[in-house]
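An overview of the molecular structure
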Amino acid sequence: MFLYLNILFMATAMAFVAQHTKTIRKLTAHAGLWKNRSWRIRMNAGFWLVAGLLGFFSAVRYRIGIDYEAYEYHIDLIQKHVPHYMETGFQKLVLVLSEISAEPVFIIMIVGIATTWFFVSAVWEQSENICMGIFLFISWGYYFLTYNTIRNYFALALVLYAIRFIEMDKKLAFIFTVLLAASIHKSALVCIPLYLLADLKWKKVYYLLLVSGTGFTLAAKKYIRKLVFLFYAQYESGIYDTGRISYMNIVRSLGVVFLCASFFNIIKKDRMNRMYFHLNLFSLAFYTGMYWVPEISRIGFYMNATSIFLLPRVLSDVSNREKRNVIKVILYAGSMVLFIALCSGFYGETIRILPYRTWLMKGSY
């Protein structure tokens, strides 16, 4: 756990320096000072330091996580051209990387680096507060959970990266990137309708429909399960089909929604705030109304992961400085409590992200 705490503090400190640079850029843009080459170097250096730090520990990990060894096995099958259930895009990626090295460890390393790069790039470009965005990305578990379910988090990273295209009104580019993510893991397909729906201006009836829909999924659970298992037949009655409620995700989604709803005047004035807020409402609805879907977190995280953009963006627009600072202190403190709780759970048999092991040296950390 000590190593993971150090990673959190080091990455946040690097992002803090870069955030200072970004803030000065805003203050001096009118004078053209941002054209100064040294300022651009500081921002780029900050990005590569954070991406490099997180990418390094992702790359050199060895056999941690519940599916690392399973991926070694499946990569070997793909290399032998054995018919396989994994998505075509991931299989093609494995075969391309195998031209460089056939070692599964190498392929997992490259995928880990790419996943980290897309995540950090998304935060760097889309967060109003880079320091807070990186802190939330790590302390809320998203970074360390990339050590597990490799394809899922690679797809998530691509989807979050693609959000920039929505803000730029390049919907086709967004859809194309999501389709690319779906070629890594098909669960990403849900993002096309959900993100485009979240981007709309909602009337009051939309919120009522969401609440009603959540109630309907609970009432019609028996029938919706049959529909879900048409696509994920391998999960039915399997080890993941437990019906367990994800209380942590519900509480986290509820906290984000409650905080941002208290600043709804800020939410409704900004397009991206609205979209992120709607996605977190979807997240809350999914985790409460469809908790019985096996591995629902593999769908829900496409929605609640946007909170790392939503919270910094909303807080940056809170005009009352004292109130803004109080909320930040509560948010940082609460996130540290959550991080420690997550790290304690990382030792569990169903996660196994701790202790950390690396192929660079023997031992656990």
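Model, not experiment: these values are computed from the prediction.

The omega angle of the peptide bond from Leu 354 to Pro 355 is 0°, so this bond is cis rather than trans. Following the sequence through the fold, Pro 355 ends up in the loop between α18 (321-345) and β1 (357-358). Phi is positive for Thr 149, close to 40°, though the residue is something other than glycine. Along the polypeptide, Thr 149 turns up in the loop between α7 (142-145) and α8 (150-167).

On to the side chain of Arg 151. By the element assignment, Arg 151 lies in helix α8. For Arg 151, a relative accessible area of 7% puts it in the buried group. Here Glu 87 takes part through its side chain, which lies 2.8 Å from a polar atom of the side chain of Arg 151. Excluding anything up to four places from it in sequence, Arg 151 contacts Tyr 71, Tyr 85, Met 86, Glu 87, Phe 90, Ile 184 and His 185.

It is worth spelling out the environment of Phe 339 at this point. Relative to the helices and strands, Phe 339 is located in helix α18. Separated by 200 residues in sequence, Phe 339 and Ser 139 have C-alpha atoms that sit 4.9 Å apart. Not counting chain neighbours up to four residues away, the residues in contact with Phe 339 comprise Tyr 4, Leu 5, Leu 8, Ile 138, Ser 139 and Phe 144.

Attention shifts here to the side chain of Asn 249. Its location among the elements puts Asn 249 in helix α13 (residues 247-261). The exposure class of Asn 249 is buried, given its relative accessible area of 11%. A distance of 2.8 Å separates the side chain of Asn 249 from the side chain of Arg 252, its partner in a polar contact.

Following both chains from N to C, one finds helix α3 (residues 68-79) and helix α4 (residues 88-98) inclined at 80°, their axes separated by 10 Å at the closest point. What the angle tells us is that α3 and α4 run roughly perpendicular. Of α4, the residues touching α3 (which contributes Tyr 71, Ile 75, Ile 78 and Gln 79) are Phe 90, Gln 91, Val 94, Leu 95 and Ser 98. Its residues placed into classes, the contact of α3 with α4 shows six nonpolar, three polar and no charged.

On to a nonpolar patch on the surface. Taken together, the side chains of Leu 197, Leu 200, Val 205, Tyr 206 and Leu 209 define a hydrophobic patch exposed on the protein surface, amounting to about 430 Å² of accessible area. At three residues, the largest contribution of residues to the nonpolar patch is made by helix α11 (residues 204-219).

Pairing between side chains of opposite charge can happen when their charged atoms approach one another. Inspection of the entire model under this criterion finds 12 salt bridges. The closest approach of N and O atoms between Glu 72 and Arg 63, which form a salt bridge, is 3.0 Å. The network of salt bridges with common partners includes Arg 63, Glu 69, Glu 72 and Arg 352.

Conventions we followed
Residues numbered from 1 in each chain as written. Predicted model: local features only at pLDDT ≥ 70, side-chain atom pairs only at ≥ 80, totals over all residues. Heavy atoms only, no water. Helix = DSSP H or I, 4+ residues; strand = E, 2+ residues; numbered from the N terminus. Buried < 20%, exposed > 50% of the residue type's maximum accessible area, 1.4 Å probe, protein only. Polar contact = N/O pair within 3.5 Å; in protein donor to acceptor, adjacent residues only side chain to side chain. Contact = heavy atoms within 4.5 Å. Axes fitted to C-alpha atoms, helices over the stretch in contact; angles between N-to-C directions. Parallel < 35°, antiparallel > 145°, perpendicular 65-115°, else oblique. Nonpolar A, V, L, I, M, F, W, Y, C, P; charged D, E, K, R; others polar. Patch = residues over 30% accessible without salt bridge, like charges linked within 9 Å, V, L, I, M, F, W, Y side chains within 5 Å. Areas by Shrake-Rupley, 256 points an atom, 1.4 Å probe, with all protein chains shown as cover. Salt bridge = Lys/Arg side-chain N within 4 Å of Asp/Glu carboxyl O.

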